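# Chain and residue survey
Take a look at the letters that make up each chain.
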Amino acid sequence: MIPVLREPTHLLDRFQDDFNNLFRSFGDRSLGIRDEDSNVITSQWMPPVDIQEGDNEFVIKADIPGVNRKDIEISMANGVLSIRGERKIEKNEEHNGYYRTECSHGIFHRRFSLPDSADPDKIVAKDKDGVLTITLSKRKTAKPTLINIQS
């Protein structure tokens, strides 16, 4: 038998990735919004998002510090909201032979299936302090009618 060298940190990293993928696959079904293929192969990083549902709107907030608004594209088609962008790498300065880069950079792409109540004609996007806020108004929908059963 040949001994296999294992690094304990490798197992922990793998567990972390599996754990994140598990919750990423669930999306946020409680609001009727599903994260669809957000980690498309073309994505090099994935900004975290918060999704809230109010009485009259849905609000999606994405943390995208360092991303220029000119490098972001938001689109809506067939009930799917897409957020695409790129964080460009800055020049790293080397000091005494050491430098460090921890922030993710490159292309990202997030997609969310929206419920029918989201109005694609009333979407507002704002970028402030590295947070992209997308507000989608809800359509006015008819209330369900209660039907009595006759005997």
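Our structure's up above, just so we're on the same page.
Residues numbered from 1 in each chain as written. Predicted model: local features only at pLDDT ≥ 70, side-chain atom pairs only at ≥ 80, totals over all residues. Heavy atoms only, no water.

### A look at the nonpolar core
Residues Ile60, Ile64, Ile83, Leu132, Ile134 and Leu136 are the most contacted members of the largest nonpolar core, which totals 17 residues. Of all elements in the fold, only strand S3 (57–63), strand S5 (80–87), strand S6 (106–113) and strand S8 (131–138) reach the threshold of two or more residues within this core. Ignoring any residue separated from it by four or fewer positions in sequence, one finds Ile83 in contact with Ile72, Glu73, Phe108, His109, Arg110, Phe112, Leu132 and Ile134. (Core = buried A, V, L, I, M, F, W, Y, C linked by side-chain atoms within 4.5 Å. Buried < 20%, exposed > 50% of the residue type's maximum accessible area, 1.4 Å probe, protein only. Helix = DSSP H or I, 4+ residues; strand = E, 2+ residues; numbered from the N terminus. Contact = heavy atoms within 4.5 Å.)

### Here we look at the pattern of salt bridges
For the structure on display, the rule yields two salt bridges. Between Lys138 and Glu53 there is a salt bridge, with the nearest N and O atoms lying 2.6 Å from each other. Placement of the pair is Lys138 in strand S8 and Glu53 in strand S2 (residues 49–53), with a sequence separation of 85 residues. For the salt bridge of Asp71 with Lys88, the shortest nitrogen-to-oxygen distance reads 3.5 Å. With Asp71 in the loop between S3 and strand S4 (72–77) and Lys88 in the loop between S5 and S6, this residue pair connects regions lying 17 residues apart in the sequence. Asp71 gets classed as partly exposed once you look at its relative accessible area, which sits at 25%. For Lys88, a relative accessible area of 48% translates into the label partly exposed. (Salt bridge = Lys/Arg side-chain N within 4 Å of Asp/Glu carboxyl O.)

### Concerning unusual backbone geometry
Among all residues except glycine, the phi angle is most often negative; among peptide bonds, the trans geometry is most common. Its identity as a non-glycine residue notwithstanding, Asn78 has a phi of 55 degrees, on the positive side. Within the fold, Asn78 resides in the loop between S4 and S5. A positive phi angle, near 55 degrees, is found at Asp129, a position not held by glycine. Assignment of secondary structure puts Asp129 in the loop between strand S7 (118–128) and S8.

### What about the pairing of S4?
Along a regular strand, successive side chains alternate from one face of the sheet to the other. Pairing of S4 with S5, which is carried by six bridges, proceeds in the antiparallel orientation. In the strand pairing of S5, Ser75 is matched with Ser82. Between S4 and S5, which pair antiparallel one after the other, the connecting turn spans two residues, and Asn78 there sits at a positive phi close to 55 degrees. (Pairing = 2+ DSSP bridges.)

### Points about the environment of Ile83
Examined against the element boundaries, Ile83 turns out to sit in strand S5. Since its relative accessible area comes to 3%, Ile83 is described here as buried. A sequence separation of 26 residues divides Ile83 from His109, and the C-alpha atoms of the two residues are 5.7 Å apart.

By themselves, these observations are geometric and do not establish any function.
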